Amino acid sequence: MVNSQLNNNHLGNSFHGLVITDANTQKEIYNRNGDKYFTPASNTKISTLYTGLKLLPKNIPTLKYIVANDTLFVEGTGDPSWLHPYFKDSTAIRWLQNQETIALYTKNHSEERYGPGWAWEDYDTYFSPEKSTIPLYGNVVTISNNDSLKISPENFKNQITVKDTVIKREEFHNQFYIAPMEQDTLEVPYVTSDSLIKQLLETATGNEIFLTPHVPEGEKQTLYGIETDSIYKRMLFESDNFLAEQLLLAASGMISDTLSTKKVIGYMLENHLKDLEHQPRWVDGSGLSRYNLFTPRSFVQILQKLHREIPEERLFAIFPMWGPDSTVEQWEDPTTEAFLFAKSGSVGNNYNVSGYVKTKSGKLLIFSFMNNHFRVPSIKIRETIYTTLKKLYENY
C-alpha cells in the first residue's frame, strides 16, 4: 500500500524517505531511506520543542537580575514574548516600571544576529528577524497603511517612507518602506543594537536605563513570564522561526550563563538525544539553515521520546493538525475525523512532514515523511503525503 504511493510519478527523479512505527509496540512497520540524511527545514522545530520541554520550566524565564549599591542590574534570557505582536506580554515591562536605578547588561550571549547558513536576502522578510537577548515587539516593526499610516513601536515613526520599492527595509539600517497601495499589515525585522534596546525599553517603561559593561558577582534572581506551552504552540502552528530561535536561546540559559544556540544544541546531542540512531547535523532552532541534516529515523525517535514523556492530551494540544492543505486549525477533510498531528517543513524544493497518525482502529503511529530535491509543485508532494497517511489511518 505505502510502496504504491511512493512509486507515483510525482516522486520520480527526487529523493524521499518515510519511516513509520507503532507508538505502543515501537515496532517499525515501514522504512524507506530512513537512514539517509535530508534537509529538514521546519521539521527542525520538533527538536527545538523537545529541547524546550526538557530544559525550560512551566513559565519562561523572562529576566535575570541582581541588586548592588541601590542599582538593579538586569540581563535578558532570550524570552521572545516581550511586547510581541501576538503575545503582547508586559510582565517584565510592568516589573521594571516599579524599579528606580536600572542598569542593562546585554553581553551575556555568543550569538550573531542570524543563524549559520541563513539566506542573506531574507533580511527584510517577516520570517527572518534577528536574534537577541531581549527581543522587543518580536524584533519587527509592524506597519499598516489603510486609512492612515500606523507603526508599532512608534519609535520608528520617522523612519517609515511610503514608496513603491521591492525592499521593505534598507539592509543595514532602520529605514523602512511601504507601498502606497499596500493593503496588508507588514511585519518587517528591524536592525537590533544595544542603544536601540535601551531606547525601546525607556519608552516602554518610562524609566531611564543605563547600559553597563558588567554585572556584579553574586546569585542572580529570575523573573518568570508567560507559560512556555503557549510559545511552543504558536511556534509549531505558525512555523514561527523567531520563536524557535529564541526558545533555544532561552533553553541555553538553563545550562549556562551565556546564551548560546551552539552550546544548547551540543548539550542536547550529548545528553537527551545521545541515543539517536543517526546523529543529526543540527545548527539552528528554526530550520532556516540548509546546513541542518536529519534522517527520518531520527525524527521518529524524537517523536517517540515526546510521546513517552509528555501526556497525550498536552502533546496534541501543542502539535498542530496537518490536513490536505498543510497546517489547519480546524479539520478540513469531511470524510474523516481529525487523525493527523504533525509538523510540516518547507524550503525551496524540499517538503517534509513528521508527527502522529491516530488510526481508525485506535492505534497511534509515529512517522517522518521527508522529501528533498523535487521539481514538481509542492502541492503535488503534499497530496501524495496526505493520501499515503490517510490510507494508513483507514487500514492500519
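Draft legend 1. Broad picture of the packing of aromatic side chains. One pass over the full model with this rule turns up 17 aromatic pairs. Judged by centre distance (4.7 Å) and plane angle (10°), the ring pair of Phe294 and Phe299 falls under stacked. One exposure class covers both Phe294 and Phe299, and it is buried. On the numbers, 5.3 Å between centres and 70° between planes, the contact of Trp331 with Phe339 is edge-to-face. The same class applies to Trp331 as to Phe339, namely buried. Grouping aromatic residues by their ring pairs yields a cluster made of Trp322, Trp331, Phe339, Tyr386 and Tyr393. Here the guanidinium or amino end of Lys233 rests over the ring plane of Phe237, the centre of that ring lying 5.3 Å away. Above the plane of the ring of Tyr86 lies Arg234, whose end atom (NZ or CZ) is 3.8 Å from the centre.

Draft legend 2. Region of the structure containing the layout of surface pockets. Estimated volume of the largest pocket: approximately 710 Å³. Those elements giving two or more residues to the lining of the largest pocket turn out to be helix H5 (228-238), helix H6 (241-252), strand S14 (326-328) and strand S15 (340-347). The element best represented in the lining of the largest pocket is S15, accounting for 5 residues. Within the lining of the largest pocket, the residues separate by chemical class into 15 nonpolar, 13 polar and 7 charged.

About the thresholds
- Residues numbered from 1 in each chain as written.
- Predicted model: local features only at pLDDT ≥ 70, side-chain atom pairs only at ≥ 80, totals over all residues.
- Heavy atoms only, no water.
- Phe/Tyr/Trp six-rings, centres within 6.5 Å; stacked < 30°, edge-to-face > 60°.
- Buried < 20%, exposed > 50% of the residue type's maximum accessible area, 1.4 Å probe, protein only.
- Lys NZ or Arg CZ within 6 Å of the ring centre and 35° of its normal.
- 1 Å grid on protein atoms, 1.4 Å probe; cavity = no way out; pocket = protein on both sides within 12 Å on 5 of 7 lines; lining within 4 Å.
- Points joined across faces, edges and corners; volume = space filled by probe spheres on them.
- Helix = DSSP H or I, 4+ residues; strand = E, 2+ residues; numbered from the N terminus.
- Nonpolar A, V, L, I, M, F, W, Y, C, P; charged D, E, K, R; others polar.

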